[in-house]
Amino acid sequence: MSREQLVVQRARKSFQTGNTKPLEFRVHQLRSLQRFVSDRRRDIAEAVKRDLGKSEHGTELFETLGLEGEISLAIEKLAEWAAPRPVEKNLLTISDEVYVQPEPLGVVLIIGAWNYPWAVTLQPLVGAIAAGNAAVIKPSEVSSHSAKVMEELLPQYLDKDLYPVVTGGVSETQELLKQRFDHVFYTGSSTVGKLVMEAAARHLTPVTLELGGKSPCFIDRNCDITVACRRITWGKFVNCGQTCIAPDYILCEPSIQSRVVEEIKKRIKEFYTDNPKTFEDYGRIINQRHFQRVMALMEGSTVAVGGDSDESQCYIAPTVLRDVTRDSKVMKEEIFGPLLPIITVSGVDEAIQFINEREKPLVVYVFSNNNKLIKRVIAETSSGALLANDCLVHFTVSALPFGGVGNSGMGCYHGRHSFDQLSHLRSCLIKQLKMEGVNSMRYPPHTAKKLGWARFFLLKQVNVCRLQRMALLAVMAGLAAFVVQRFLLRG
Amino acid sequence: METHGQVVDRLRSAFRSGVTVPEQFRRAQLTRLMSMLKDNEQQIVNALHKDLAKPKFEAVLSEIDIVINELHHAIANFKSWMQPEYVSKNLATKLDECFVKREPLGVVLIIGAWNYPLQLLILPMVGAIAAGNCVVIKPSEVSAATDSLIAELIPKYLSQDCFAVVSGGAEDTKALLQNRFDHIFYTGSQTVARSILQAASVHLTPVTLELGGKCPCFIYGGVNIRAAARRLAWAKFFNAGQSCVAPDYVLCLPATRDALLPALREALEEFYGKEPQTCPDLSRIVSPRHWRRLMELLKKSSGKVVVGGESNEEDKYIAPTVVVDMSEDDALMEEEIFGPILPILTIESLEKGIDFINRKEKPLALYVFSDESSVVNTVLEKTSSGGFCSNDGIVHMTLPGLPFGGVGASGWGSYHGRWGFETFSHRRACMLRGWALERLNGLRYPPYSDDKLGWLRWTTSPKSSCSLM
């Protein structure tokens, strides 16, 4: 038996004992995870520094801050999320209990990504634990230092059987995907997303896919271009552009292109100094392969800002490309690097058309003073999310579902959405064996009379939230039972 | 004749033009769909009778009325479902508009089944239309009369640019699945579901799979056996057992079985008379192939037939049948029966019964008949299933407030009522920020510092959505 098979088997066995069902157990595990993040802050920051050249502050800001918020929220709200959820009834179920009960799915597989190795691997874990599942955690091998630290340290805090960490490369992941899970949660590229879904199909396993795409950023002529460019510069060059929701490219009118370039240039200097290479708060490309990939994308486009690089350090300067054409290399795939192409369009009409010609992205950004224009972009495009007048920050609002649509993914998470995504919402109807007489109208032998009554009672929808109506309906139901007993049963 | 690709392209153009998005369009189409059902009730009843010998009573309630009810519910509510849902924020985002907008997905495919050929196709369609999509529907070719009727009626009532019916067999469905859809909704078997999922993965198309399984039915503890037997018999033999949520088999103590049998006999005689084959209120098996499958199961079973057992191949008739004295690995305990054969498996205790169920795949529905709430609660807590109903069968799926769907091998996703609307929608997170407070944003820009970080922690914590502002 392979290592992966054993790990999954152990997790399933442990899950089947029912120990994850009590909320106290789940809260205990979440508190342990909380302690892990605060105790091991240094180890996590060290690992991320080695993987992505990110500073300690950067790691706190972009990896652990959000994660800690998610854990606190889950601990606080778990009882509410896990409670039975009553739903509307009809006339015949007035005296019955009708509700939706969230239940654990079983053993979940979480496949993390390398760009935010802690946030995107452990935030889904919060949902998995809260929902009462066991979870096999497979961090990305590309962010190898983080994977190693996770493998070594997480078992010291969380239940080893229920939440094992499995490291490894492509073949280990494939072996894992051969096993049967009750849900697979994958963050990564659309290409691999298809393979994950296909592998899961064998066991009819549902999946959540957090993928990517090219997130467009339209800058309207009518807006505070200085502030817009400051926010865009921040959103783009965080983590050296290696963010699934980074603004991939800019769309704007030719008349403001030079101004946009100038403003971004100023902000780059303001954030990362004249020499980003030596500046602590500017990161690196994850590895040589991606470095070469991103550098190749620049071919054929005009560099307006930056452009310099150092392969030995996997360093690429914050770069802006101007007058980029639709069929240039940089427009062919998600950049996932610090290159910001600007494509000129005649206005919002052309921008909307441009966006709709392409796959639905994870997010559409629009910068404008004109609320009507913003509402138009919302109405006429589709994407995982839409953010007006800023970048990235929708990620921090746990009440907003975070996920893609079409090529950018399926399913969503954050806050309560994580809990719901990794739960089974079971419909429950609790009836009594009393009032059997009322059921007569549905039993054969069928008569036209019975059919008439059944049509009225069985299927009409009734909203029973008001007390007066309840009383009235109770009387009606009693009356119905009486009528049925008295008249229908006689034939 | 249009190819599948042409149909999908045409619908996609219509969708791109934005015609299905406005509320008025959706309302008009839903209203037309309701008219279609009301205007053609007799024809629908006839087609269903041709396909399944479905009694008028069953056809009206479980095919027509249930969809009309869903339509009423959707028409009354979809406008509110369409409204932006404002969400709670943290301090840093207090002045922003944060909401979730439901958007249509695009062109969706709904593949129906033969056991409730109208309901399982048109009911999901209600949610798809309410959500603003274009829809391709593929009726099951096994229920041929209903297939033809649907193909004839839909173009007469609904916009032909936005809604299309594609008919055909397995090969045609396979070809249809090569096209790209924005959601695929399938009702049927696990085997076919696997190939649908494979096809969907090529385009990263999300799916809803309404599958089946063996729905267990406990009868345990103190129980009004007469009432239980009637409800059980009704739920089991409705549509001749060909319901995905029919109680597949019974689990009970030997003493309960002994009390149950006479009660079942009494109920069955009351429902279908002494000669069920002559009773107009009993359906037939859908096809000779399925009839043979069921007869094979009976033959292979080592159990004893204590009620019914009669059959007639030409008529595709099988009497309401009850089988006892079989073991856990009997032929009748292997696959979903989907017919009018009710095995009664005796268990030593409730715990052993629960263990038995948990060794098998998660079913679409799980039933418990008992007057003791502790029994009901024990089963509910220790098992998992798509849905759960105590002291009755099937009826939990008639409530639009409850999501109807499976878990594990019994399916993925759900529908009915608002759940259907959500299934065919994308929940788009929208955040509209202002231009003010750019200074506050300064906290997040490099160069980073401990100070800035401290402030940021405070403003972005979900707890800080307090009364300050």
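Details of the structure are given in the entry above.
Right, let's walk through the structure included here.

**Side note on the interface of chain B and chain A**
Where interface size is given, it is often the accessible area lost as the parts come together that is meant. Taken together, the contact between chain B and chain A spans 107 residues of the former and 114 residues of the latter. Of the roughly 9200 Å² buried where chain B meets chain A, counting both sides, 59% is carbon and sulfur surface. Looking only at chain B, the three residues that lose the most surface to chain A are Leu-204, Trp-435 and Tyr-448 of chain B, adding up to 10% of its buried area. Joining chain B to chain A, the criterion identifies 11 salt bridges. With a shortest N-O distance of 2.7 Å, Arg-433 of chain B and Asp-390 of chain A are connected by a salt bridge. Here strand E17 (residues 423-430) of chain A pairs with strand E16 (residues 387-390) of chain B via four bridges, running parallel. Note that in E16 of chain B the partner of Ile-430 of chain A across the bridge is Ser-390 of chain B.

**Quick notes on the packing of aromatic side chains**
Here a ring pair, both rings aromatic, is described through the centre-centre distance and the interplanar angle of the planes. Residue and element names in this part refer to chain B. Taken as a whole and judged by the stated rule, the model has 27 aromatic pairs over all chains. Measuring from centroid to centroid gives 5.4 Å for Tyr-86 and Phe-99, while their planes differ by 50°, and the two rings are tilted. Here Phe-99 lies in strand E2 (residues 97-104) and Tyr-86 lies in strand E1 (residues 85-86), a separation of 13 residues in the sequence. Residue classification places Phe-99 among the buried residues on the basis of a relative accessible area of 4%.

**Notes on the packing of helix H3 (residues 41-52) of chain B against helix H4 (residues 56-82) of chain B**
Residues and elements named next belong to chain B. In contact at an axis separation of 10 Å, H3 and H4 are set at 110° when each is read in the N-to-C sense. Taken together, the axes of H3 and H4 lie roughly perpendicular to each other. In the packing of H3 onto H4, the handedness of the crossing is right-handed. Along the contact surface, H3 presents Glu-41, Gln-42, Ile-44, Val-45 and Leu-48, while H4 presents Lys-56, Ala-59, Val-60, Glu-63 and Ile-64.

**Digging into the pattern of salt bridges**
Under the criterion given, the structure shown has 66 salt bridges over all chains. Asp-420 of chain A is the partner of Arg-85 of chain A in a salt bridge, and the nearest nitrogen-oxygen pair spans 2.9 Å. Taken together, the residues Arg-85 of chain A in strand E1 (residues 85-86) and Asp-420 of chain A in helix H14 (residues 416-421) connect sequence positions 335 residues apart. The class of Arg-85 of chain A is buried, set by a relative accessible area of 17%. Here Arg-180 of chain A and Glu-361 of chain B are joined by a salt bridge, their closest N and O atoms 2.9 Å apart. In this pair, Arg-180 of chain A sits in the loop between helix H7 (170-178) and strand E5 (183-187) while Glu-361 of chain B sits in the loop between helix H12 (350-359) and strand E15 (365-369), so the two residues belong to two different chains.

**Details of the nonpolar core**
Counting 313 residues, the largest nonpolar core has Phe-36, Leu-125, Leu-154, Ile-250 and Phe-367 of chain A together with Met-125 of chain B as its most contacted members. Here the element with the most residues in this core is H4 of chain B; it accounts for 13 residues. Membership of the second largest hydrophobic core comes to 35 residues, among which are Leu-298, Val-323, Ile-337 and Val-375 of chain B.

**What to know about helix H3 (residues 41-52) of chain A**
All names here are of chain A. Taking 1.5 Å of rise per residue, the 12 residues of H3 would be expected to cover 16 Å, and the 16 Å separating its terminal C-alpha atoms lies within 8% of that figure. When we look at burial in H3, the residues that qualify are Ile-44, Ala-45, Ala-47, Val-48, Asp-51 and Leu-52. Seen from one end, H3 has its buried residues packed into an arc of 165°, which puts them on one side. Opposite the packed face of H3, turned more than 90 degrees from it, sit the exposed residues Arg-42 and Arg-50. Residues of H3 that are buried sit in contact with helix H2 (23-39), helix H4 (56-82) and helix H6 (144-153). Gly-53 sits one or two residues past H3 and shows a positive phi near 65°.

**A word on the environment of Gly-478 of chain A**
Position of Gly-478 of chain A among the secondary structure elements: in helix H17 (residues 467-488). For the pair Gly-478 of chain A and Met-435 of chain A, spaced 43 residues apart in sequence, the C-alpha to C-alpha distance is 9.3 Å.

**A look at the pairing of E16 of chain B**
Residue and element names in this part refer to chain B. Every second residue of E16 is oriented toward a common face, with Gly-387 and Cys-389 on one face and Phe-388 and Ser-390 on the other, all of them buried. Pairing of E15 with E16 involves four bridges; the strand directions are parallel. Residue pairing for E16: Tyr-367 is matched across the bridge by Cys-389. This β-α-β element, E15 to helix H13 (residues 373-382) to E16, shows right-handed connectivity.

**Overview of helix H6 (residues 144-157) of chain B**
A turn of α-helix holds 3.6 residues, and therefore any two residues three or four places apart point the same way. Residue and element names in this part refer to chain B. Taking 1.5 Å per residue as the helical rise, H6 with its 14 residues ought to reach 20 Å, and the 20 Å between its terminal C-alpha atoms agrees with that figure. All buried positions along H6 are accounted for by Ala-145, Thr-146, Asp-147, Leu-149, Ile-150, Leu-153, Ile-154 and Tyr-157. The elements touched by buried residues of H6 are helix H2 (23-39), H3, helix H5 (119-130), strand E4 (134-138) and strand E5 (163-165).

**With respect to the sheet that holds strand E15 (residues 385-388) of chain A**
Spatially, 10 strands are ordered E9(A)-E12(A)-E13(A)-E8(A)-E7(A)-E14(A)-E15(A)-E18(B)-E2(B)-E1(B) in an open sheet, and the strand pairing comes out mixed. The two strands at the open ends of the sheet, each matched to only one other strand, are strand E9 (302-305) of chain A together with E1 of chain B. With four bridges joining them, E15 of chain A and strand E18 (residues 425-432) of chain B adopt parallel strand pairing. Residue pairing in the sheet places Ala-385 of chain A in a bridge with Ala-429 of chain B of E18 of chain B. Relative to E18 of chain B, helix H13 (residues 371-380) of chain A is tilted by about 160°, and along the sheet it contacts strand E7 (216-219), strand E14 (363-367) and E15 of chain A together with E2 and E18 of chain B.

**A closer look at the side chain of His-414 of chain A**
Residues and elements named next belong to chain A. Among the secondary structure elements, His-414 is positioned in the loop between strand E16 (409-410) and H14. A distance of 3.0 Å separates a polar atom in the side chain of His-414 from a polar atom in the side chain of Gln-123. Non-local contacts of His-414, meaning those with residues more than four positions away in its chain, are made with Glu-70, Gln-123, Phe-395, Ser-398, Leu-400 and Phe-402.

**With respect to the side chain of Asp-220 of chain A**
Residues and elements named next belong to chain A. Here Asp-220 lies in the loop between E7 and helix H9 (225-237). Of the buried charged residues, Asp-220 lacks a salt bridge, with Arg-221 as the closest side chain of opposite charge at 5.8 Å. There is a polar contact of 2.9 Å between the side chain of Asp-220 and the side chain of Ser-368. Asp-220 has contacts with Ile-256, Phe-367, Ser-368, Asn-370 and Leu-373, leaving out every residue within four places of it along the chain.

Criteria and cut-off values
- The residue numbering used here restarts from 1 in each chain and proceeds along that chain's sequence as written.
- Chain A is the first chain written and ligand 1 is the first ligand written, with later ones labelled in order.
- Predicted model: local features are reported for residues with pLDDT of at least 70 only, side-chain atom pairs are reported and counted for 80 or more only, and whole-chain, interface and lining totals are derived from all residues.
- Calculated side-chain values reflect all of the structure's heavy atoms, with hydrogen atoms and water omitted.
- In this description, contact between two residues means that some pair of their heavy atoms is separated by no more than 4.5 Å.
- When two components associate, each loses some accessible surface as probed by a 1.4 Å sphere; the sum of these losses over both components is called the buried area.
- Criterion for a salt bridge: a side-chain nitrogen of Lys or Arg within 4 Å of a carboxyl oxygen of Asp or Glu.
- DSSP-based pairing: two strands are paired if at least 2 bridges between them are found.
- Per the convention used, a helix needs a DSSP run of H or I reaching at least four residues, while a strand needs a run of E reaching at least two, with both numbered from the N terminus.
- Only the six-membered ring of Trp is used, alongside the rings of Phe and Tyr, when aromatic pairs are assigned; centres must lie within 6.5 Å, and planes under 30 degrees apart are stacked while those over 60 apart are edge-to-face, with the rest tilted.
- Between buried and exposed lies partly exposed: a residue is buried under 20% and exposed over 50% of the maximum accessible area for its type, with that area taken using a 1.4 Å probe on protein chains only.
- Fitted lines through C-alpha atoms give the axes, limited to the stretch in contact for helices. The angle between two N-to-C directions lies from 0 to 180 degrees.
- Angle categories are assigned with fixed cut-offs, so that under 35 degrees is roughly parallel, over 145 is roughly antiparallel, 65 to 115 is roughly perpendicular, and the rest are oblique.
- Left-handed is the label given to a crossing in which the near helix is rotated counterclockwise from the far helix by less than a right angle, and right-handed is the label when the rotation is clockwise.
- As used in this record, nonpolar core signifies buried Ala, Val, Leu, Ile, Met, Phe, Trp, Tyr and Cys residues forming a set joined through side-chain atoms within 4.5 Å.
- Helix span, as expected, comes to 1.5 Å for every residue beyond the first.
- In this description, the arc belongs to the directions extending from the helix axis to the C-beta atoms.
- Orient the strands so they point away from the viewer; a crossover is then right-handed if the path from the first strand over the helix to the second runs clockwise.
- In the analysis that follows, any N or O atom pair within 3.5 Å is treated as a polar contact, provided that within protein one partner can donate a hydrogen and the other can accept it, and provided that, for residues neighboring in sequence, both atoms belong to side chains.
- Here Asp and Glu are counted as negative and Lys and Arg as positive; His is not counted, and neither are the chain ends.

Don't take any of this as a statement about function, it's just geometry.
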